[in-house]
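Descriptive structure summary
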Amino acid sequence: MNSETLNPLTAHSLDGARALITGSSRGIGADTAAYFAQAGARVAINYRNKEARALKLVAQLTETAGSAIAIGADLTDSDSVAALFETVQAEFGGLEILVLNASGGMEGGMAEDYAMQLNRDAQVNFLTAMLPLLHEGSRVVFVTSHQAHFIRTVETMPEYIPVALSKRAGEDALRELIPELEAKGISFVVVSGDMIEGTITATLLQRANPGAIEARKEAAGRLYNVGEFAAEVASAAVDPIPENNTRYVGDVSDFLGK
């Protein structure tokens, strides 16, 4: 977990707010949760199978920052999602912030279509299931990468293509819900960033394609680390919605052909 010096949110700025971050027992999700908690929010940490790590994070946040709970749920399992909903409703009563951070598709031993199940279908189903917890003034944040966001116009590493295509499909499906969300007074923003140093995705890519991350870092000039990118995700939860509901983190000139 990164220090409070990286937190873009001021102390007490989220007092009374309730936040749920999917896939937040480690990495970007965990640091985002810490920033929210340090700003006064009550935070729900979602994990798939790393209960001990999630509980350790909850203990750290409770000791140093404020209020947090851990909820295990597999986003691709409807019964699991329903149980998560019941827990959040019972513990929090509602949500001001929902961060859709969980993603995958490069893990071994999963079904052939797992990337699409998790990165598209589960994202839409999860947001739809959580809608009764959201209200006017709530914010939904979807976390993705430039490599996925621009996959239709810019090639990416072969090893990442299934994830990129499924993440973009998920983003498109979520964007189709924007009119429904806005009718309820709920705002939606996509946070798109370059490859992030220190993430599981970067580690798996480096393992499959040695030198890939270094090459991208050289091309981009610099890559954000986990804490820096999480700060952008946290900011996206409170800042005004950018044009086209998209917040770009880092340089995108390579992807825009500039």
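Anything mentioned here points back to the structure above.
So, a few notes on the structure that sits alongside this text. (Residues numbered from 1 in each chain as written. Predicted model: local features only at pLDDT ≥ 70, side-chain atom pairs only at ≥ 80, totals over all residues. Heavy atoms only, no water.)

**Thoughts on the packing of aromatic side chains**
Given two aromatic rings, their pairing is described by the distance between the two centres and the angle made by the two planes. Applying the stated criterion to the full structure yields two aromatic pairs. Taking 5.7 Å as the distance between ring centres and 20° as the angle between the ring planes, the aromatic pair formed by F150 and Y248 counts as stacked. Residue F150 is found in the loop between α5 (146-149) and α6 (161-175), and its partner Y248 is found in strand β7 (residues 246-249); the two are separated by 98 residues along the sequence. Owing to a relative accessible area of 35%, Y248 belongs among the partly exposed residues under this scheme. Centroid distance F150 to F255: 5.3 Å. Interplanar angle 20°. Geometry classified as stacked. (Phe/Tyr/Trp six-rings, centres within 6.5 Å; stacked < 30°, edge-to-face > 60°. Helix = DSSP H or I, 4+ residues; strand = E, 2+ residues; numbered from the N terminus. Buried < 20%, exposed > 50% of the residue type's maximum accessible area, 1.4 Å probe, protein only.)

**Comments concerning the pairing of strand β4 (residues 97-100)**
Of the two faces of β4, the one carrying I97 and V99 and the one carrying L98 and L100 are both buried. Strand direction decides the pairing type here: β4 and strand β5 (residues 139-145), joined by four bridges, are parallel. Considered in β5, the bridge of V99 is made with V141. (Pairing = 2+ DSSP bridges.)

**Digging into the side chain of H146**
If you trace the backbone, H146 turns up in helix α5. A polar atom in the side chain of H146 sits 2.8 Å from the side chain of S192. Ignoring sequence-local partners within four residues, the contact set of H146 consists of I151, S192, G193, D194, Y248, V249, G250, D251, V252 and F255. (Polar contact = N/O pair within 3.5 Å; in protein donor to acceptor, adjacent residues only side chain to side chain. Contact = heavy atoms within 4.5 Å.)

**Quick look at the packing of helix α3 (residues 78-91) against helix α4 (residues 114-130)**
The description of two packed helices rests on the angle between their axes and on the distance between the axes. Between α3 and α4, the least distance of the axes is 10 Å, while the angle of their chain directions is 30°. The handedness of the crossing between α3 and α4 comes out as right-handed. Contacts from V81, L84 and F85 of α3 reach α4 at F126, A129 and M130. (Axes fitted to C-alpha atoms, helices over the stretch in contact; angles between N-to-C directions. Left-handed = near helix turned anticlockwise from the far one by under 90°.)

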